[in-house]
Amino acid sequence: MDKNYDIIFTGLAQNCEIHIDKFFKIYNEIKKNYKTIALISENNSKDYTFDKIIKKSIKDDSIIFIDSTFIENFNDRVHRLANARQQQKDYLVSQKITAKFLVVIDLDDVLD
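Each value, and the rule that gives it
Residues numbered from 1 in each chain as written. Predicted model: local features only at pLDDT ≥ 70, side-chain atom pairs only at ≥ 80, totals over all residues. Heavy atoms only, no water. Helix = DSSP H or I, 4+ residues; strand = E, 2+ residues; numbered from the N terminus. Expected span 1.5 Å × (residues − 1). Buried < 20%, exposed > 50% of the residue type's maximum accessible area, 1.4 Å probe, protein only. Arc of directions from axis to C-beta. Contact = heavy atoms within 4.5 Å. Phe/Tyr/Trp six-rings, centres within 6.5 Å; stacked < 30°, edge-to-face > 60°. Lys NZ or Arg CZ within 6 Å of the ring centre and 35° of its normal. Salt bridge = Lys/Arg side-chain N within 4 Å of Asp/Glu carboxyl O. Pairing = 2+ DSSP bridges. Right-handed = clockwise from strand over helix to strand, strands pointing away.

Draft legend 1. Main features of helix α1 (residues 20–31). Compared with an ideal rise of 1.5 Å per residue, which puts 12 residues at 16 Å, α1 spans 16 Å between its outermost C-alpha atoms and is within 8% of the ideal. Turning to α1, its buried residues are Ile-20, Phe-23, Phe-24 and Tyr-27. Along the axis of α1, the buried positions cluster into a sector of 100°, meaning they face one direction only. The inward-facing, buried residues of α1 contact β1 (4–13), β2 (36–42), α2 (49–59), β3 (63–67) and β4 (98–106).

Okay, structure coming up:
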């Protein structure tokens with residue numbers, strides 16, 4: 001399998017079931033013209049965010065779910081986010097996935 005992409009998307013998701021569909025819609029449009037992969041991490045959402053990500057990743061093998069519940073061990077929000085993003089980076093490196101561009105996105109209501 002070729003692991004060289006045009007665009008890698010990395011996103012953190014929590015409690016964004018209402019807004020994450022907007023990302024998936026945009027992602028699908030971009031996929032029409034570019035070779036893409038998306039890594040989405042989720043931890044302890046109180047809504048159906050996890051379910052939506054899992055369903056989407058089952059249907060679309062270019063969407064990779066990464067469990068980031070370990071970040072709950074950190075009290076500080078900045079440390080949690082930094083560790084989750086580091087986990088995504090480590091995944092890309094370990095899988096030898098490369099791209100021309102990297103898009104780091106928060107998958108919450110900023111997409112509204």
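Here the narrative resumes, following the displayed structure.
Draft legend 2. Focus on the packing of aromatic side chains. Overall, the coordinates contain five aromatic pairs when judged by the stated rule. Plain terms: the ring middles of Phe-23 and Phe-24 are 5.8 Å apart, the flat faces sit at 55° to each other, and that makes the pair tilted. We classify Phe-23 as buried; its relative accessible area is 4%. Taking the relative accessible area as the measure of exposure, Phe-24 reaches 4% and is therefore buried. An aromatic cluster is built from Phe-9, Phe-23, Phe-24 and Tyr-27, whose rings are joined through pairwise contacts. The ring centre of Tyr-5 lies 4.8 Å from the NZ or CZ of Lys-35, which sits over that ring.

Draft legend 3. The arrangement of the pattern of salt bridges in detail. Evaluated as defined, the whole model comprises five salt bridges. Between Lys-31 and Asp-60 there is a salt bridge, and its shortest N-O distance comes to 2.7 Å. With Lys-31 in helix α1 and Asp-60 in the loop between α2 and β3, the pair connects residues that are 29 residues apart, well separated along the chain. Take Lys-31: its relative accessible area is 30%, and that puts it in the partly exposed class. With its nearest N and O atoms 2.6 Å apart, the salt bridge here joins Arg-85 to Asp-106. Of the two residues, Arg-85 is situated in helix α3 (residues 77–94) and Asp-106 in strand β4; the sequence distance between them amounts to 21 residues.

Draft legend 4. The pairing of β2, seen in detail. Within β2, seven of the seven residues are buried, which leaves the element mostly enclosed by the surrounding structure. Burial along β2 is two-sided: Thr-36, Ala-38, Ile-40 and Glu-42 and Ile-37, Leu-39 and Ser-41, pointing in opposite directions, are all buried. Note: β1 against β2, seven bridges, orientation parallel. Across the sheet, the residue bridging to Gly-11 is Ile-40, located in β2. For the crossover that starts at β1, traverses α1 and ends in the parallel β2, the hand is right-handed. Bridge analysis of β2 against β3 gives five bridges, and the strand direction is parallel. Following the sheet pairing, Leu-39 is matched in β3 by Ile-64. This β-α-β element, β2 to α2 to β3, shows right-handed connectivity.

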